[in-house]
Amino acid sequence: MARLPIDKLTPLEAQAEHAALGEEIAGHDQRYYADDAPSISDADYDALRRRYEALETAFPHLKSAESLTQKVGAAPSAKFGKIRHAVPMLSLANAFSSDDVADFVARIRRFLDWPVDTALFFTAEPKIDGLSCSLRYEKGVLVHAATRGDGFEGEDVTANVRTIAGIPHHLPAGAPDVAEVRGEIYLSHADFAAINARQAEAGEKVFANPRNAAAGSLRQLDARITAARPLKFFAYAWGEMSAMPALTQSGMVAAFRIWGFPTNDRMALCDGAAALLAHYQAIEAERASLGYDIDGVVYKVDDLALQARLGFVARSPRWAIAHKFAAEKAMTVLEGIDIQVGRTGAHTPVAKLKPVTVGGVVVSNATLHNQDEIAKKDIRIGDTVVVQRAGDVIPQVVEVVLDKRPAGAEPYNFPHVCRCELKTPLVREETAAGEEGAVARCTGEFACPYQRIEHLRHFVSRRAFDIEGLGEKQIEIFFNCPVETLRIREPADIFTLEARNKASSVQKIENFEGFGAISVANLFAAINARRVIALERFIYALGVRHVGETTAKVLARAYGSWDAFRDACGRIAVGDGDAVAEMDALDQIGEAVVTALGRFFAEPHNASMVARLAAEVRVVDAEKPKADTAVAGKTVVFTGSLEKMTRDEAKARAESLGAKVAGSVSKKTDIVVAGPGAGSKLDKARDLGVAVLTEDEWLTLIGG
Ligand code: IVH
């Protein structure tokens, strides 16, 4: 996205951009750290972060304890136990150019008042693209292992780490009583490829890159799965040490090696910026042949006494920096543009390229994002384009080399109708800001064959119909079933499958590969168990755009029964102003939801599909929210940790008593329930004079 130069921003614009960027970065952090599924390249992420930091430098009032520049990583996931780091696991600042490196060295000399002609040694070593881990040894025995988490608290992955071949379970005699050794867990390219091949064969998800595969392998609740993945480790840092085995960074790493840890043999000692840059180039030249992913070179002041004097700024040490590699680029010819139709009907253009090697990988497809990107960059078929591969995610087309445009190349016309045979017109929805959205979407929903299978997958997912034994894999099998009479093409088909199987004289599901009499009987039992379903789940399962779980719950409570809800949607579909106004007036329901429901039910195919489904199941009316409780109609915010129940339980309980649970504190908040560790939300509640209760006081209020 084009951004205004920072010096052209008004304080208000800066504040708005800072807040929006903060949210965007937090979303990426969540996907990267907690979900192991990043959606942008590291280079793009770094660019967002740099902009965020630049905004804070230019407008210092934007910096607060909540600022992302004060945090590292993401909160640990709830599925593992937590471990508080004895010494926080911090992050590194980045350098992107030789000038940044020269500045880094000059800054340190200035800070230490170190004369220019006196040697100042740094270690320079590869920045391994894996995930960091802290290993704690007490009296020479590995007692626990934790991921970085948010830097202060990580996940307890001890059982999994014990399965990693290179990590010693014991330290030799003479090692300090308490020794926390830190480093990177990673996967080699060869092992990554083998894991993905196995995953693909088993029909499981394949990992985007070795780092995600390493994270996914380590963060397994079942340590046997971790054990089957050949994770590796390099030691390069430490946390608490009851005694120091060395006085320098390089000496510490040498001690780790003697203790039995793998360490990286590309570490060098360099005096000053020129030597650092020379080693950087040497490592970059070797990058493709190392056999594991690295994304830069880390420089650290070698003398630990100097490190101590230099200390930290915000989230990173002043004595170290990560010099990142630039994204890798190459030129090639754009031979065509394909349109892919995604789950929500989004039409995404994909560049078909003359195969080219970018940073050691052959690339023949690249994303073009959306039609505006194509128009903005004026990308035409036949053009020579610059392709960039930033370490991991899908390659991108960066720009067109105009000098090489062939005569007669025409501007690209983005299609106006869906690729499917129905040729449904594509629409570009409005963004929240009222602008035309970038994504062209087919509104056919269930009528569009491209979207149908995705809808079915959603329909059977855990938070929707949750049919045991009918997951994504089985949906795909039944969707493409060669026996036409046994296909599942719409939700109602799931519920008629048993009868159709019984009626089928020749081919029966029992005879399909991977199915037997028992599994088929179990499948039908599981399907039948879902013939009775709560209204909110039913609404959510329909998979209408913008209608997530929370929205479905609000709608179910407001309309009470399936008949009332369907009638309202039917009226909205034909433009009945009263019905539109009634839904629009509901708390938490906006225009996007009303429009999406109207569109969905206006499509005759969808309406009849839903009718067929409703005939197969019994939809249980929603409970009207209680109006006679102490908290009915009140807006409640939970903050800090709860000790007697989980967040989900607390929320469900409060909602069942007629309260509304919000995520942030505002003037509209009635009650804040604050547990240990509550921070800015609690401060805000106090500032606004909102009632603050402990968890126990809350429980007393709602009757235990
Ligand atoms: S030193 C105080 N050395 O990069 C910081 N980190 O952004 C200590 N990393 O979380 C980290 N290779 O996951 C250090 N040779 C290396 C590294 C390295 C990879 C990662 C690590 C850290 C992140 C910093």
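Being a predicted model, the structure only gives us computed values, none of them experimental. (Residues numbered from 1 in each chain as written. Predicted model: local features only at pLDDT ≥ 70, side-chain atom pairs only at ≥ 80, totals over all residues. Heavy atoms only, no water.)

Thoughts on the sheet that holds strand β23 (residues 635-639)
Here 4 strands make up an open sheet; going across it, the order is β24-β23-β25-β26 and the pairing parallel. The open sheet is flanked by β24 (660-662) and β26 (691-693), the only strands paired with a single partner. Taking each pair of neighbouring strands and ignoring which way they run, the sheet shows an average axis angle of 30 degrees. In terms of strand pairing, strand β25 (residues 671-674) meets β26 through 3 bridges, oriented parallel. Counted as the bridge partner of Ile671 is Ala691 from β26. Here helix α22 (residues 647-656) sits on the sheet and contacts β23 and β24; the angle it forms with β23, its principal contact strand, is near 165 degrees. (Pairing = 2+ DSSP bridges. Helix = DSSP H or I, 4+ residues; strand = E, 2+ residues; numbered from the N terminus. Axes fitted to C-alpha atoms, helices over the stretch in contact; angles between N-to-C directions. Contact = heavy atoms within 4.5 Å.)

Brief notes about the nonpolar core
Membership of the largest hydrophobic core comes to 62 residues, with the highest contact counts inside it found for Phe538, Leu555, Trp562, Met583 and Leu597. Looking at which element gives the most residues to this core, the answer is helix α20 (residues 591-602), with 6 residues. (Core = buried A, V, L, I, M, F, W, Y, C linked by side-chain atoms within 4.5 Å. Buried < 20%, exposed > 50% of the residue type's maximum accessible area, 1.4 Å probe, protein only.)

Topic: the pairing of strand β4 (residues 131-138)
Counted residue by residue, β4 has 7 buried out of 8 residues, so it is predominantly covered. Bridge analysis of β4 against strand β7 (residues 178-186) gives 8 bridges, and the strand direction is antiparallel. Each bridged residue has a counterpart across the sheet, and for Leu131 the counterpart in β7 is Ile185. Where β4 lies against strand β5 (residues 141-147), 6 bridges are found, and the strand directions are antiparallel. By the bridge assignment for β5, Tyr137 is matched with Leu142. Once β4 ends, the chain turns through 2 residues before running back antiparallel as β5, passing Lys139 with a positive phi of about 45 degrees.

Observations regarding the site of the ligand
Residues in close proximity to the ligand total 14 residues, the closest being Glu125, Ile128, Arg148, Glu184 and Tyr236. One nitrogen or oxygen atom from the side chain of Lys127 is found 3.2 Å from an oxygen atom belonging to the ligand. At a separation of 3.0 Å, a nitrogen atom of the ligand approaches a polar side-chain atom of Lys300. A total of 520 Å² of accessible area belongs to the ligand in isolation, and the protein chains cover 89% of it. Those elements that provide at least two residues to the shell around the ligand are β3 (121-128) and β10 (294-301). Taken together, the residues that form the shell around the ligand break down as 7 nonpolar, 2 polar and 5 charged. (Near = heavy atom within 4 Å. Polar contact = N/O pair within 3.5 Å; in protein donor to acceptor, adjacent residues only side chain to side chain. Areas by Shrake-Rupley, 256 points an atom, 1.4 Å probe, with all protein chains shown as cover. Nonpolar A, V, L, I, M, F, W, Y, C, P; charged D, E, K, R; others polar.)

Remember that the coordinates give geometry; whether it matters functionally is a separate question.
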